[in-house]
Amino acid sequence: QVQLVESGGGLVQPGGSLRLSCAASGTIFTIGLMNWYRQAPGSQRELVASIDRSGFTNLDDAVKGRFSISRDNAKNTVYLQMNSLKPEDTAIYYCNADLVTYSDGRYRYYWGQGTQVTVSS
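Note that the coordinates shown come from a computational prediction; the quantities given were computed from them, not determined experimentally.

Focus on the sheet that holds strand β1 (residues 2–7)
With antiparallel pairing, the 4 strands of this open sheet are ordered in space as β1-β3-β8-β7. Each edge of the open sheet is held by one strand with a lone partner, namely β1 and β7 (67–72). Between one strand axis and the next, the sheet turns through 15° on average, direction left out of account.

Take a look at the structure:
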């Protein structure tokens, strides 16, 4: 059984910062790509940021220069540092990880339950 648990969401004023965390737990053998997605009301879920096991990152153009993604492989945790937040960043943020469990032996994607980020004055 694998769980991805996000934390760190909340209400913040425009221009503020938040740091999201996502911790993976369970019978995990290894984790490959880790991603952050977001979904605003009435919109499709979109990829915000990705990081591979070696630390190579990719960010959506809408958040470049404001957001950064990092991970701690020893803790099976991925982070999303969000600075200079804008109202349009308001969404539910989901963690996603491509990982192998001891019981399965194949890479599969798992999702967290999401954490709400609201940017408003």
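Things to note about the pairing of strand β11 (residues 115–119)
Burial of the side chains of β11 is restricted to one face: T115, V117 and V119 are buried, whereas none of Q116 and T118 on the reverse face is. Relative to β11, strand β2 (residues 10–12) runs parallel, the two being bridged by 3 bridges. Its bridge partner being in β11, V12 is matched across the sheet by V119. Pairing between strand β9 (residues 91–101) and β11: 3 bridges, direction antiparallel. Across the sheet, the residue bridging to A91 is V117, located in β11.

Parameters at a glance
Residues numbered from 1 in each chain as written. Predicted model: local features only at pLDDT ≥ 70, side-chain atom pairs only at ≥ 80, totals over all residues. Heavy atoms only, no water. Pairing = 2+ DSSP bridges. Helix = DSSP H or I, 4+ residues; strand = E, 2+ residues; numbered from the N terminus. Axes fitted to C-alpha atoms, helices over the stretch in contact; angles between N-to-C directions. Buried < 20%, exposed > 50% of the residue type's maximum accessible area, 1.4 Å probe, protein only.

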